[in-house]
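Read off the chains here:
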Amino acid sequence: MKFLFVTLLSVLFAVATWAQDDPLGIIKAMEKKMYPNAKTEMLLVHITSQGEREEYKLVSYTKTNNQKIIVRFTAPARMVGSDLIMLDRNVWAFDPASGREVKIPTNLSFGGTGFSYGDVLRLNFSDNYVPVLQASDAKTWTLELTAKERDAPYYRIVLVIDRGFNPQKGTCYTRAGDLVKTMDYTEPKDQGAGTKPATITVKSPLDEKEVSSLTIVKETRKDYPDNVFNKRNLSARLEEKL
Amino acid sequence: MSEPLIVTRHLKKDYPLGKTMVNALRGVDVTIGRGEYLCVAGPSGAGKSTFLNLIGLLDRATTGEIQFDGEAVETLKPKAFHRFRRQRIAFIFQSFNLVPVLNAYENIEFPLLIQKVEASERRRRIDAVTEEVGIRDWLKHRPDELSGGQRQRVAIARALVTKPEVVIADEPTANLDSVTGRTILDMMERLNKEEQTTFIIASHDGALMDKADRVIRIVDGLVQHA
């Protein structure tokens with residue numbers, strides 16, 4: 001009886017340990033925390049290598065851990081109306097002049113800033129990368145993510161996640177192994193949907209004076225219906241009527 | 001002439017127009033040298049754009065042959081044909097054809113993504129080409145915030161950033177005022193000389209004909225002077 005109990009306990013412990021160190025499980029838990037169904041106000045700041053500061057204010061509406069997302073620009077004025085929608089891995093930008101949506105790649109640099117469109121839309125890791133556990137300690141997991149498709153924003157990302165499922169640091173590499181970007185997740189705050197890093201700061205070894213950051217200013221949990229997340233809604237703005 | 005890069009033999013293109021057939025090109029034989037700055041002249045409707053579309057591999061000839069660097073491109077299967085074009089030829093259009101929702105930087109980066117160029121290399125090339133064509137100050141602007149001359153510079157940067165062997169420009173100054181048009185032509189000539197990129201330009205512009213290494217005239221679907 002005692003043997004059976006010890007064996008059962010060992011099996012349960014092994015299963016629990018395996019589940020906790022399951023790389024995809026870790027990524028999904030992190031995304032659940034980082035990308036709740038919500039309306040999120042964000043500020044993107046880009047400091048150019050000449051020291052000029054550019055600001056973009058945006059509001060995102062997200063569903064299903066960022067598999068569906070609409071991003072609307074509220075500033076600067078020239079960007080207002082040029083909104084974005086991502087459905088699975090496909091991104092469209094709305095052209096107010098023609099009233100049409102144009103499909104664009106997620107790995108395109110957002111306006112020449114340190115972020116790609118995939119970053120701005122917060123392309124989720126679990127659908128786009130294959131994670132492998134590289135290392136773990138009492139405080140963190142280190143995961144290596146390899147892109148499933150060549151058009152992902154980065155080919156390989158080494159991502160450090162703490163045991164509270166908060167991302168801490170991402171290091172992004174090209175297929176050739178060149179370091180292209182580092183992402184630091186800082187300023188843990190509760191902006192309305194739980195405590196988590198509020199700011200992602202991106203730096204690139206290609207231009208060390210250039211810095212881009214994306215900060216969550218306010219987050220309000222809300223479940224938006226599926227009909228919000230379609231291309232036609234970029235002009236219809238259904239979510240504002242809900 | 002330098003070593004031949006593009007050779008066409010008996011190139012013909014017919015288009016159906018209602019119940020009749022239009023013979024847009026009726027047997028064109030041309031040899032274009034590597035690094036040449038060639039002007040294709042001729043009246044409207046003579047077949048200039050058809051000729052550019054065929055040698056630019058945007059369209060297939062009805063009959064005839066195109067050799068590009070010794071390779072008979074007409075025989076390539078569709079996938080290889082498109083890849084060949086993507087990797088070796090770039091285009092500059094009269095109406096610029098920039099993506100309206102993307103700013104200048106993003107428009108220039110776009111063909112590099114299609115060619116699957118790595119991020120660090122993309123950045124390096126965009127920095128170099130935007131400096132070259134003098135548009136560093138307008139990279140954040142979208143096409144509708146740029147003048148015609150600025151848009152054409154962006155289009156030229158987009159064409160050159162892929163490091164093509166051939167740039168094909170169809171009436172690149174037609175939508176520009178004469179001063180801006182002259183500046184654009186000067187820039188293309190300089191890039192031709194410095195980078196040894198082959199430029200094939202369809203134009204009515206007398207200034208271009210003066211500067212070109214050679215002018216070929218297409219009239220009624222045939223080359224009049226080669």
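These numbers were taken from a predicted model, which means no experiment stands behind them. Throughout, residues of each chain are indexed from 1 in the direction in which the sequence is written. As a convention, the first chain written is A and the first ligand written is 1, with the rest following in written order. In view of the model being predicted, local features appear only for residues whose pLDDT reaches at least 70, and side-chain atom pairs are presented and counted only at 80 or more, with totals across whole chains, interfaces and linings using the full set of residues. Side-chain measures were taken over the full set of non-hydrogen atoms in the model, leaving aside hydrogen atoms and water.

Chemist: Can you walk me through the interface of chain B and chain A in this structure?
Modeler: Think of interface size as the accessible area that goes away when the parts come together; that is how it is often given. Each partner contributes to the interface: chain B provides 20 residues, whereas chain A provides 29 residues. Summed over both sides, the interface of chain B with chain A buries roughly 2,100 Å², with 54% coming from carbon and sulfur. The term buried area means the drop in 1.4 Å probe accessible area that two parts suffer when joined, counted for both and summed. Of all residues in chain B, Val 101, Arg 123 and Lys 140 of chain B give up the largest surface area on contact with chain A, accounting jointly for 29% of the area buried on that side. Salt bridge, as used here: a side-chain nitrogen of Lys or Arg that lies within 4 Å of a carboxyl oxygen of Asp or Glu. Summed over the shared surface of chain B and chain A, the result is three salt bridges. Note that Arg 123 of chain B is salt-bridged to Asp 207 of chain A, the shortest N-O span being 3.8 Å. Mapped by element, the contributors of at least two residues to the side of chain B that touches chain A are α3 (104–114) and α4 (119–132) of chain B. In this classification, Asp, Glu, Lys and Arg are treated as charged, Ala, Val, Leu, Ile, Met, Phe, Trp, Tyr, Cys and Pro as nonpolar, and every other residue, Gly included, as polar. Its residues assigned to classes, the side of chain B that touches chain A shows eight nonpolar, two polar and 10 charged. Throughout, a residue-residue contact means that at least one pair of heavy atoms, one from each residue, lies within 4.5 Å. Put simply, DSSP H or I for four residues or longer makes a helix, DSSP E for two residues or longer makes a strand, and each gets a number counted from the N terminus.

Chemist: Help me understand unusual backbone geometry, please; the structure alone is not making it clear to me.
Modeler: Residues and elements named next belong to chain A. In this structure, the amide linkage connecting Ala 75 to the following residue, Pro 76, adopts the cis form with an omega of 0 degrees. Looking at where Pro 76 falls in the secondary structure, it is placed in the loop between β3 (68–75) and β4 (84–87). One non-glycine residue, Phe 165, lies in the positive phi region at around 65 degrees. Within the secondary structure, Phe 165 sits in the loop between β9 (156–162) and β10 (167–173).

Chemist: Got a minute to help me understand the pairing of strand β6 (residues 89–93) of chain B in this structure?
Modeler: Along a regular strand, successive side chains alternate from one face of the sheet to the other. All names here are of chain B. The element β6 is largely enclosed, with a buried count of four among its five residues. Where β6 lies against strand β7 (residues 166–170), five bridges are found, and the strand directions are parallel. Each bridged residue has a counterpart across the sheet, and for Phe 91 the counterpart in β7 is Ile 168. Exposure categories follow from relative accessible area, calculated using a 1.4 Å probe and restricted to protein chains: below 20% of the type maximum is buried, above 50% is exposed, and the middle band is partly exposed. Here, any two strands with at least 2 DSSP bridges between them count as paired.

Chemist: Whenever I open this one, the sheet that holds strand β5 (residues 71–72) of chain B confuses me. Can you help?
Modeler: The strands making up a sheet associate through backbone hydrogen bonding, with each pair oriented either parallel or antiparallel. All names here are of chain B. In space, the four strands of this open sheet follow the order β2-β1-β4-β5, with antiparallel pairing throughout. Either end of the sheet is taken by a strand with one partner, and the two such strands are β2 (20–33) and β5. Here strand β1 (residues 4–17) pairs with β2 via 11 bridges, running antiparallel. Counted as the bridge partner of Lys 12 is Arg 26 from β2. Running over the sheet, helix α1 (residues 48–55) touches β1, β2 and β4 (63–68) and is turned about 120 degrees from β1. Helix axes are fitted to C-alpha atoms over the stretch in contact, other axes to C-alpha atoms as well, and angles between N-to-C directions run from 0 to 180 degrees.

Chemist: How should the side chain of Asn 107 of chain B be read in this particular structure?
Modeler: Residues and elements named next belong to chain B. On the secondary structure map, Asn 107 appears in helix α3. By relative accessible area, Asn 107 is classed as buried at 1%. Those residues in contact with Asn 107, other than ones at most four positions away along the chain, are Leu 98, Val 99, Leu 102, Pro 143, Val 154 and Arg 158.

Chemist: What should I look at first to understand a positive patch on the surface in this one?
Modeler: A contiguous patch of positive charge on the surface is contributed by Arg 150 and Arg 175 of chain A together with Lys 79, Arg 83, Arg 86 and Lys 116 of chain B. Secondary-structure assignment places Arg 86 of chain B in helix α2 (residues 78–88). Within the patch definition used here, like charges are joined within 9 Å and nonpolar side chains (Val, Leu, Ile, Met, Phe, Trp, Tyr) within 5 Å, considering only residues with over 30% relative accessible area and no salt bridge. Areas reported here follow the Shrake-Rupley algorithm with a probe of radius 1.4 Å; residue values treat only the protein chains shown as occluding. Only four residue types enter the tally: Lys and Arg on the positive side, Asp and Glu on the negative side, with His and both chain ends excluded. A charged residue contributes its charge at one atom only: NZ of Lys, CZ of Arg, CG of Asp or CD of Glu.

Chemist: What am I meant to see in the packing of aromatic side chains here?
Modeler: Two aromatic rings are characterised by how far apart their centres lie and by the angle between their planes. Whether two aromatic rings pair depends on their centres lying within 6.5 Å, for rings of Phe, Tyr and Trp, where Trp uses its six-membered ring; planes under 30 degrees apart make the pair stacked, over 60 edge-to-face, and the rest tilted. Inspection of the entire model under this criterion finds nine aromatic pairs over all chains. Look at Phe 110 of chain A and Tyr 117 of chain A: their rings are 5.3 Å apart centre to centre, the planes differ by 80 degrees, and that puts the pair in the edge-to-face class. In terms of burial, Phe 110 of chain A and Tyr 117 of chain A fall into one category: buried. Among the aromatic residues, those joined into a ring-pair cluster are Tyr 56, Phe 73, Phe 110 and Tyr 117 of chain A. Over the aromatic face of Tyr 173 of chain A sits the side chain of Arg 156 of chain A, whose NZ or CZ is 4.4 Å from the ring centroid. Only when the NZ of Lys or the CZ of Arg is both within 6 Å of the ring centre and within 35 degrees of the ring normal is a charge said to sit over the ring. Note that Arg 60 of chain B overlies the ring of Phe 81 of chain B, its terminal NZ or CZ placed 3.7 Å from the centroid.

Chemist: Explanation requested: the nonpolar core in the structure shown.
Modeler: Across soluble globular proteins, nonpolar side chains show a tendency to be buried alongside one another. Definition used in this section: a nonpolar core is a set of buried Ala, Val, Leu, Ile, Met, Phe, Trp, Tyr and Cys residues joined via side-chain atoms within 4.5 Å. In this structure, Leu 58, Phe 125 and Leu 159 of chain A are the most contacted members of the largest nonpolar core, which totals 49 residues. Ignoring anything within four residues of it in the chain, the contact list for Leu 58 of chain A reads Thr 40, Glu 41, Met 42, Leu 44, Val 71, Arg 72, Phe 73, Thr 74, Val 120 and Leu 214 of chain A. Tyr 37, Leu 112, Ala 159 and Phe 199 of chain B belong to the second-largest nonpolar core, a separate cluster that totals 37 residues.

Chemist: It is not clear to me how the packing of α3 of chain B against α4 of chain B should be interpreted in this structure. Could you clarify?
Modeler: How two helices pack is summed up by the angle between their axes together with the distance between the axes. All names here are of chain B. Running from N to C, α3 and α4 cross one another at 130 degrees; their axes reach a closest spacing of 10 Å. Between α3 and α4, the interaxial angle falls into the category oblique. Every pair of crossing elements has a handedness; the one defined by α3 and α4 is right-handed. In contact with Tyr 105, Ile 108, Glu 109, Leu 112 and Leu 113 of α3, α4 contributes Arg 122, Arg 123, Arg 125, Ile 126, Val 129 and Thr 130. Of the residues assigned to the contact of α3 with α4, the class counts are six nonpolar, one polar and four charged. Each angle gets one of four labels, with under 35 degrees taken as roughly parallel, over 145 as roughly antiparallel, 65 to 115 as roughly perpendicular, and the rest as oblique. By convention, the crossing between two helices is left-handed when the near helix turns anticlockwise from the far helix through less than a right angle, and right-handed when the turn is clockwise.

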